[in-house]
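# Fold and geometry: a report
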Amino acid sequence: DAVVASYPEFKLDGPSWWAQTAEGNGATAVYRFYNATTGAHFYTASAGERDFVIATYPTFKYEQVAYYVWAAP
């Protein structure tokens, strides 16, 4: 709600994925990074993108798997 209220250029499209905290059930890992400079987090479900960010952006600290997702319930 805060993002929608503060940033009119963003639009709420509804759920993008469904999540669980543990592995299994065919879910895909979502990897989490923290940028201490900006205080922002970055998430990706792509292992390739995870590896690229680790190799390319030292300001993003890799924080491991945040949760596991599916594209549909």
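The sections below set out a description of the structure shown in this document. Starting from 1, residues in each chain are numbered consecutively following that chain's sequence as written. Given that the model is predicted, a residue must reach a pLDDT of at least 70 before its local features are reported, and side-chain atom pairs must reach 80 or more before they are shown or counted; all residues, however, enter totals for whole chains, interfaces and linings. Side-chain numbers come from the whole structure's heavy atoms, not from hydrogens or water.

## Examining the overall build of the protein chain
Scanning the protein chain for helices and strands turns up two helices and four strands. Overall, the protein chain shows an N-to-C arrangement of helices and strands of α-β-β-β-α-β. Principal-axis analysis of the C-alpha atoms places the extent of the protein chain at approximately 35 × 30 × 20 Å. For each residue, the accessible area found with a 1.4 Å probe, counting protein chains only, is set against the maximum for its type, and the residue is called buried under 20%, exposed over 50%, and partly exposed in between. With 73 residues in all, the protein chain has 16% of them scored as buried. A 1.4 Å probe and the Shrake-Rupley method give the accessible areas. Residues count as covered only by the protein chains that appear here. Accessible area for the protein chain stands at about 5500 Å²; split by element, carbon and sulfur atoms hold 56% of it. Charged residues are defined narrowly, with Lys and Arg counted positive, Asp and Glu counted negative, and His plus the chain ends left uncounted. By convention, the charge on Lys lies at NZ, on Arg at CZ, on Asp at CG and on Glu at CD. If the 4 positive side-chain charges of the protein chain are averaged to one point and the 7 negative ones to another, these points end up 4 Å apart. Secondary structure elements follow DSSP: runs of H or I of four or more residues count as helices, runs of E of two or more count as strands, with numbering from the N terminus.

## Some words on the sheet that holds strand β1 (residues 18–20)
One requirement defines pairing of two strands: DSSP has to find at least two bridges between them. With antiparallel pairing, the four strands of this open sheet are ordered in space as β1-β4-β2-β3. Lying at the two open borders of the sheet, with one neighbouring strand each, are β1 and β3 (40–44). Put simply, the sheet's adjacent strands are angled 40° from each other on average, direction ignored. Here seven bridges tie strand β2 (residues 28–35) to strand β4 (residues 60–70), and the two strands are oriented antiparallel to one another. Each residue of the ladder has a partner; that of Tyr 34, found in β4, is Lys 61. Axis lines are fitted through C-alpha atoms, for helices just across the contact stretch, and the angle between N-to-C directions can take any value from 0 to 180 degrees.

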